[in-house]
Amino acid sequence: MADARRAPLKDQTDITGARALIVEARFYDDIQDALLEGAVAELKAAGVTHDVITVPGALEIPAAIAIALDAAEKNGKPYDAAIALGCVVRGDTIHFEIVSIESSRALMDLAVARKVPLGNGIITVNTDAQAWARARASELNKGGDAARAALAMLRIKRRLTKV
């Protein structure tokens, strides 16, 4: 049975030549490699070029995206979409909730305020096994899902803002 979440989107608005930014938190390098692999594969399949910026943890992702968007705009090479990738594993303190909630809130605030198509691929899990299941392209492929979400939003933005 086909996974409906992976069904091709009907909106085929042209996004050829688009430029995406990936900001990744390298707190868990091996899991991050899997998330990045999934995202990059989706961008390549769509003909979208990308840059990657690495930050220490998930809380730094929204600020890095905002800084990069400003710098790219100032340099005359704006990004068309952004993708946030990272992994937060539950520990023994409330730090998990703070990082999970605040990084997601900041990403939504950024996407709405800046009107930037953004895919949130920060996975929040209880165990390493859950992280691997979500990160691997051969399993839930949350990196790929984040890229597909950003590209879907880019198509919507381009379709609705055509002159």
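Along each chain, the written sequence defines residue order, and numbers are assigned to residues from 1. Two thresholds apply to this predicted model, a pLDDT of at least 70 for residue-level local features and 80 or more for giving and counting side-chain atom pairs, whereas whole-chain, interface and lining totals are computed over all residues. Note that the side-chain values use all heavy atoms of the structure and ignore hydrogens as well as water.

**A look at a nonpolar patch on the surface**
Here is step 1 of the chain: Residues enter patches when they are more than 30% accessible in relative terms and free of salt bridges; like-charged ones are connected within 9 Å and nonpolar ones (Val, Leu, Ile, Met, Phe, Trp, Tyr) within 5 Å. Each accessible area value is a Shrake-Rupley result obtained with a 1.4 Å probe; residue values ignore everything except the protein chains displayed when judging cover. Only one rule defines a salt bridge in this text: a Lys or Arg side-chain nitrogen within 4 Å of an Asp or Glu carboxyl oxygen. A cluster of nonpolar side chains, Met-153, Ile-156 and Leu-160, forms an exposed patch at the surface whose accessible area comes to about 280 Å².
Here is step 2 of the chain: In this text, helices come from DSSP runs of H or I with a minimum length of four residues, and strands from runs of E with a minimum of two, each type numbered from the N-terminal end. By the secondary structure assignment, Ile-156 is in helix α5 (residues 142–160).
Here is step 3 of the chain: A 1.4 Å probe rolled over the protein chains alone gives each residue an accessible area, and that area as a share of the maximum for its type sets the label: buried under 20%, exposed over 50%, partly exposed in between. Classification of Ile-156 by relative accessible area gives partly exposed; the value is 31%.

**Some words on the side chain of Gln-32**
Here is step 1 of the chain: Along the polypeptide, Gln-32 turns up in helix α1 (residues 29–46).
Here is step 2 of the chain: Polar contacts involving the side chain of Gln-32 include one to the side chain of Glu-24, which spans 3.2 Å.
Here is step 3 of the chain: In what follows, a contact means two residues having at least one pair of non-hydrogen atoms within 4.5 Å. If we ignore the near neighbours within four places in the chain, the residues touching Gln-32 are Glu-24, Ala-25, Arg-26, Leu-85 and Gly-86. Pairs of N or O atoms within 3.5 Å make up the polar contacts considered here, provided that, within protein, one atom can donate a hydrogen while the other can accept it, and that residues adjacent in sequence are counted only when both atoms are side-chain atoms.

**Re the UniProt feature "binding site: 5-amino-6-(D-ribitylamino)uracil" (unreviewed entry) in the chain**
Here is step 1 of the chain: UniProt positions are given in the numbering used here, feature names are shortened, and annotations may be inferred rather than shown by experiment. In the numbering adopted here, UniProt assigns the feature "binding site: 5-amino-6-(D-ribitylamino)uracil" (unreviewed entry) to Phe-27, Ala-58, Leu-59, Glu-60, Cys-87, Val-88, Val-89 and Asn-120.
Here is step 2 of the chain: Its location among the elements puts Glu-60 in the loop between β2 (49–55) and α2 (61–74).
Here is step 3 of the chain: Among the residues examined, Glu-60 registers a relative accessible area of 36% and is labelled partly exposed.
Here is step 4 of the chain: Secondary-structure assignment places Val-89 in strand β3 (residues 81–89).
Here is step 5 of the chain: The class for Val-89 is buried, based on a relative accessible area of 17%.
Here is step 6 of the chain: With near-sequence residues (within four places) excluded, Val-89 lies in contact with Tyr-28, Phe-96, Val-125, Asn-126, Thr-127 and Asp-128.

**Observations regarding the environment of Lys-115**
Here is step 1 of the chain: Along the chain, Lys-115 turns up in the loop between α3 (95–114) and β4 (118–125).
Here is step 2 of the chain: On a C-alpha basis, the gap between Lys-115 and Asp-29 in space is 30 Å, while along the polypeptide they are 86 residues apart.
Here is step 3 of the chain: Setting aside its immediate chain neighbours within four residues, Lys-115 contacts Leu-110 and Lys-157.

**Quick look at the packing of aromatic side chains**
Here is step 1 of the chain: Here the aromatic set is Phe, Tyr and Trp, taking the six-membered ring for Trp, and pairing holds for ring centres within 6.5 Å; pairs whose planes are under 30 degrees apart are stacked, those over 60 apart are edge-to-face, and all others are tilted. Inspection of every chain in the model, using the stated rule, returns one aromatic pair.
Here is step 2 of the chain: Between the aromatic rings of Phe-27 and Tyr-28, the centroid separation amounts to 5.1 Å while the plane-to-plane angle is 75 degrees, which identifies the pairing as edge-to-face.
Here is step 3 of the chain: Classification of Tyr-28 as partly exposed rests on a relative accessible area of 25%.
Here is step 4 of the chain: Criterion for a charge above a ring: Arg CZ or Lys NZ at most 6 Å from the ring centre, at most 35 degrees from the ring normal. Above the face of the Tyr-79 ring, Arg-19 is positioned so that its terminal group lies 4.1 Å from the ring centre.

**A short note on the pattern of salt bridges**
Here is step 1 of the chain: Tallied over the entire structure, the rule returns 13 salt bridges.
Here is step 2 of the chain: With a closest N to O distance of 2.7 Å, Arg-114 and Asp-70 form a salt bridge. Taken together, the residues Arg-114 in helix α3 and Asp-70 in helix α2 connect sequence positions 44 residues apart.
Here is step 3 of the chain: Between Glu-102 and Arg-105 there is a salt bridge, with the nearest N and O atoms lying 2.9 Å from each other. Of this pair, Glu-102 and Arg-105 both sit in helix α3, three residues apart, which is roughly one turn of that helix.

**As for α2**
Here is step 1 of the chain: Here α2 spans 20 Å end to end across 14 residues, near enough to the 20 Å set by a 1.5 Å rise per residue.
Here is step 2 of the chain: Among all positions of α2, only Ile-61, Pro-62, Ala-64, Ile-65, Ala-66, Ala-68, Leu-69 and Ala-72 are buried.
Here is step 3 of the chain: For α2, the elements touching its buried residues are β1 (19–25), β2, β3, α3 and β4.
Here is step 4 of the chain: Gly-76 occupies a position one or two residues after α2 and carries a positive phi of about 75 degrees. Given a helix with a known number of residues, its expected span is that number minus one, times 1.5 Å.

**Here's the deal with the packing of α1 against α5**
Here is step 1 of the chain: The contact between α1 and α5 brings their axes to 6 Å, and the two run at 40 degrees. As α1 packs across α5, the resulting crossing turns out to be right-handed. Along the contact surface, α1 presents Leu-35, Gly-38, Ala-39, Glu-42, Leu-43 and Ala-46, while α5 presents Lys-142, Gly-143, Gly-144, Ala-147, Arg-148 and Leu-151.
Here is step 2 of the chain: Residue classes follow a fixed rule: Ala, Val, Leu, Ile, Met, Phe, Trp, Tyr, Cys and Pro count as nonpolar, while Asp, Glu, Lys and Arg count as charged, and any other residue, Gly among them, counts as polar. Tallied by class, residues from the contact of α1 with α5 come to six nonpolar, three polar and three charged. Note on definitions: angles span 0 to 180 degrees between N-to-C directions of axes, and those axes are lines fitted to C-alpha atoms, for helices only across the stretch in contact. Crossings are assigned a handedness: left-handed for a near helix turned anticlockwise from the far helix by less than a right angle, right-handed for a clockwise turn.

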